[in-house]
Amino acid sequence: QQAALPRKWVRWADAAGDMEQSSAILWTELKPEERAVEKVLQRYQGNVSKLLDVCRETIVLDNLNDVTLCLHALADDPKVEIERVKNTLDDKLSSDSSAGFRAVVVNFRVVTAETKKWACDGHICELLLLLKSFGNTLSEEGHEKYLNFRRQDDSKEFLKNLWSWWRGSWSCLQRHRHHQHQDGSHSHWDGTVRRGSDVTRESGASRRGSVISD
């Protein structure tokens, strides 16, 4: 089996002024539509506003001190509004909850005159702060395993939400039946039309008025 080629990292300060190096940088693409829909339906119950990583990027840093400096730079930037920081580098965090993936995840908004003009200042982006020692271990195979782990996790979340919805619906149905039992009403319409406190029965050929169902 052929060994994986070592990753080549470049400092942005060096690459920014070098056309050859900057053109070779692998920028993160937008989240694939299929995965975005899958995540929204399974994990967020169709609530698109909870999807925070459509626009995402990764910065690879040498050590924890650099991670801290990067966080301070983001916090001090007047154009950046940080919404959430999630630290999976914490050694108290079990790898079972992240499939072993370790990073600092920053969700933020870019608020400038330009983003306000285009009404995208409310869009939340995601930035991964990754240690180079961890980045060197990443591979396509490992990424696919991580995606499978997240899909399974999303499926569990979907089933949990489905169970919660079913229990809520069942409780509502039970209360509805209890209410019907108390007032002697039935779940089907038998031709009785209710108007305030008056109850009249009409023939099927001449049903008028509004029917109020419990």
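Our structure's up above, just so we're on the same page.
Please read these numbers as outputs of a predicted model, since none were measured by experiment.

A. Representation of the nonpolar core. If you look at the biggest cluster of nonpolar residues, it comprises twelve residues: L61, V67, C70, L74, V80, V104, V106, F108, C125, L127, L129 and L131. Of all the secondary-structure elements, those providing two or more residues to this core are α4 (64-76), β3 (104-110) and β4 (125-131). With four residues, the single largest contributor to this core is β4. Dropping the residues within four chain positions of it, C70 is found in contact with I59, L61 and L129. Residues F101, L128, L130 and F134 belong to the second largest nonpolar core, which totals six residues.

B. Structural context of the pairing of β3. With six of its seven residues buried, β3 lies for the most part within the structure. Relative to β3, strand β2 (residues 80-87) runs antiparallel, the two being bridged by seven bridges. Note that in β3 the partner of E81 across the bridge is R109. In this sheet, β4 lies alongside β3 in antiparallel orientation, the contact comprising five bridges. Bridge assignment links V105 to a residue of β4, and that residue is L128.

Rules of the game
- Residues numbered from 1 in each chain as written.
- Predicted model: local features only at pLDDT ≥ 70, side-chain atom pairs only at ≥ 80, totals over all residues.
- Heavy atoms only, no water.
- Core = buried A, V, L, I, M, F, W, Y, C linked by side-chain atoms within 4.5 Å.
- Buried < 20%, exposed > 50% of the residue type's maximum accessible area, 1.4 Å probe, protein only.
- Helix = DSSP H or I, 4+ residues; strand = E, 2+ residues; numbered from the N terminus.
- Contact = heavy atoms within 4.5 Å.
- Pairing = 2+ DSSP bridges.

All we've got here are geometric facts, nothing functional implied.
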